[in-house]
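Geometric and topological summary
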Amino acid sequence: METLAIKIKIGAREYPMRVKIEDESKIRQAGKLINEKLRKYKDEFGLDDNQDLLAMVAFDCMVEALETNEANAGDSEHIRTSILNINALLSKAL
């Protein structure tokens, strides 16, 4: 497992990281999205406090993660039900 030393700037700070080479673009994209949300909240609410802005971004990301997990759980249940139905049909056919 090869790692790469990179620096990611979030808000006003730079964070050194060691990441897997195959994860670099994903991690840079995550940093870019965080910075975009920071700018959005700064413009929208007129805030300058980086800690407040980062807390708002963290909260927003957690809500999005919960919504995604909920959607995935629903999809998984639908797939499970479909597989059970197909299995029952195949069992009848045989």
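1. What to know about the environment of Tyr41
One can find Tyr41 in helix α1 (residues 24-45). Given the relative accessible area of 10%, Tyr41 is considered buried. Taking the C-alpha atoms as reference points, Tyr41 and Ala71, 30 residues apart in sequence, are found 26 Å from one another. Sequence-distant contacts of Tyr41, defined by excluding residues within four places in its chain, comprise Gly46, Leu53, Met56, Val57 and Asp60.

2. Comments concerning the pattern of salt bridges
It is possible for side chains bearing opposite charge to pair when their charged atoms get close. Following the criterion strictly, the structure yields six salt bridges and no others. Asp60 is the partner of Lys37 in a salt bridge, and the nearest nitrogen-oxygen pair spans 2.5 Å. Of the two residues, Lys37 sits in helix α1 while Asp60 sits in helix α2 (residues 50-93), which places them 23 residues apart along the sequence. The exposure class of Lys37 is buried, given its relative accessible area of 17%. Its salt-bridge partner being Asp48, residue Lys42 comes within 3.8 Å of it at the nearest N-O pair. Residue Asp48 is classed as exposed on the basis of its relative accessible area, which comes to 61%. Salt bridges linked by common partners bring Lys37, Asp60 and Glu64 together as one network.

So, how was this worked out
- Throughout this description, residue numbers start from 1 for each chain and increase along the sequence as written.
- Residues qualify for local features only when their pLDDT is at least 70, as the model is predicted, and side-chain atom pairs are given and counted only at 80 or more; totals for whole chains, interfaces and linings, by contrast, use all residues.
- The basis for the side-chain values is all heavy atoms of the structure; hydrogens and waters are excluded.
- Numbering of helices and strands runs from the N terminus, with a helix taken as a DSSP run of H or I at least four residues long and a strand as a DSSP run of E at least two residues long.
- For every residue, the accessible area obtained with a 1.4 Å probe (protein chains only) is divided by the maximum for its type, and the residue is called buried under 20%, exposed over 50%, and partly exposed between those limits.
- Any pair of residues with heavy atoms lying within 4.5 Å of one another is described as a contacting pair.
- The term salt bridge refers to a side-chain nitrogen of Lys or Arg lying within 4 Å of a carboxyl oxygen of Asp or Glu.

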